[in-house]
Amino acid sequence: HISRVLFAWYNAASLDSFSKQFRLVADVANDAVLLLNLLAAAWFLKGHFGLVLCVSAVLRAVVSVAGAATRAAVVVHQAHQGNVSDVAAKDGSQETAVNLAGLVIGFLILPTVGSSTFFTYSVYFALTCVHLYANWRAVSSLQFDRVNPFRLDLLIESYRSMRETSV
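No experiment lies behind these values; they were computed from the predicted model shown. (Residues numbered from 1 in each chain as written. Predicted model: local features only at pLDDT ≥ 70, side-chain atom pairs only at ≥ 80, totals over all residues. Heavy atoms only, no water.)

Participant: How should the packing of helix 1 (residues 2–17) against helix 3 (residues 49–78) be read in this particular structure?
Facilitator: Think of two packed helices as two axes; the pair is described by the angle between the axes and how far apart they sit. As a packed pair, helix 1 and helix 3 sit with axes 10 Å apart at the nearest point and diverge in direction by 30 degrees. As the angle between them shows, helix 1 and helix 3 are arranged roughly parallel. For the pair helix 1 and helix 3, the sense of crossing is right-handed. When helix 1 is examined against helix 3, the residues S3, R4, F7, A8, L15 and D16 are found in contact with a partner set consisting of A57, V58, A61, V62, S64, V65, A66, A69 and A73. For the contact of helix 1 with helix 3, the residue count by class is eleven nonpolar, two polar and two charged. (Axes fitted to C-alpha atoms, helices over the stretch in contact; angles between N-to-C directions. Helix = DSSP H or I, 4+ residues; strand = E, 2+ residues; numbered from the N terminus. Parallel < 35°, antiparallel > 145°, perpendicular 65-115°, else oblique. Left-handed = near helix turned anticlockwise from the far one by under 90°. Contact = heavy atoms within 4.5 Å. Nonpolar A, V, L, I, M, F, W, Y, C, P; charged D, E, K, R; others polar.)

Below is the structure:
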C-alpha cells in the first residue's frame, strides 16, 4: 500500500503527459510480477520467497496506479462524443472477455504445461513477448491531441532552428 501511494505521489504529474509510456511500464511491470511469482515457486528462490513476494507486491502497486491512470487517459481520448462512461464500460467488457478467453486457454494447456518446467517457462516467455508486442503496437497507434513536455521541447527546438536558418 505504501508503494502504491509513493508511486502515485511521485508520478502523478507525469501520468497524463506520458500516458503511453506509463501504459507500457504497467504492462512490463505486470509481466515481471507474473515472472517473479513463477520464480518464487522455483527451488532456487525458496530461501528468498518473502523478498521475492515483496518485490512482486511493489510492482503490482505500480501496475495498479499506472494501469488505472493510463486507462483513464485512453478512455477520455477515445470518447469523441462525450461518451466517457460508454467507452469505459466497453473497455471493461473487452478486458473481461480477454481475461475469460485467457482463463479458458490456460485451463486447456495446463495439463501439458504443468508437466515440464522448461515448457512452462517457454510458454510464459512466448506469451509475454506476444503480449508486450501487441501492447506496444496498441500504444503506438494512439494519437493524442496534446503535447507532452518532451515533445514540446522538441517542437520549440525545431522552431528555433527553422527561424535561425531562415534569417
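Participant: What is the right way to read helix 4 (residues 84–113) from this model?
Facilitator: An α-helical turn contains 3.6 residues, so a residue and the one three or four places further along point in the same direction. With 30 residues, helix 4 extends 41 Å between its outermost C-alpha atoms, agreeing within 8% with the 44 Å of an ideal straight helix rising 1.5 Å per residue. The largest bend in helix 4 is about 35 degrees, located at F107, with the proline P111 one to four residues further on. (Expected span 1.5 Å × (residues − 1). Bend = angle between axes of the 7 residues up to and from the residue.)

Bear in mind that shape data such as this cannot, by itself, settle questions of function.
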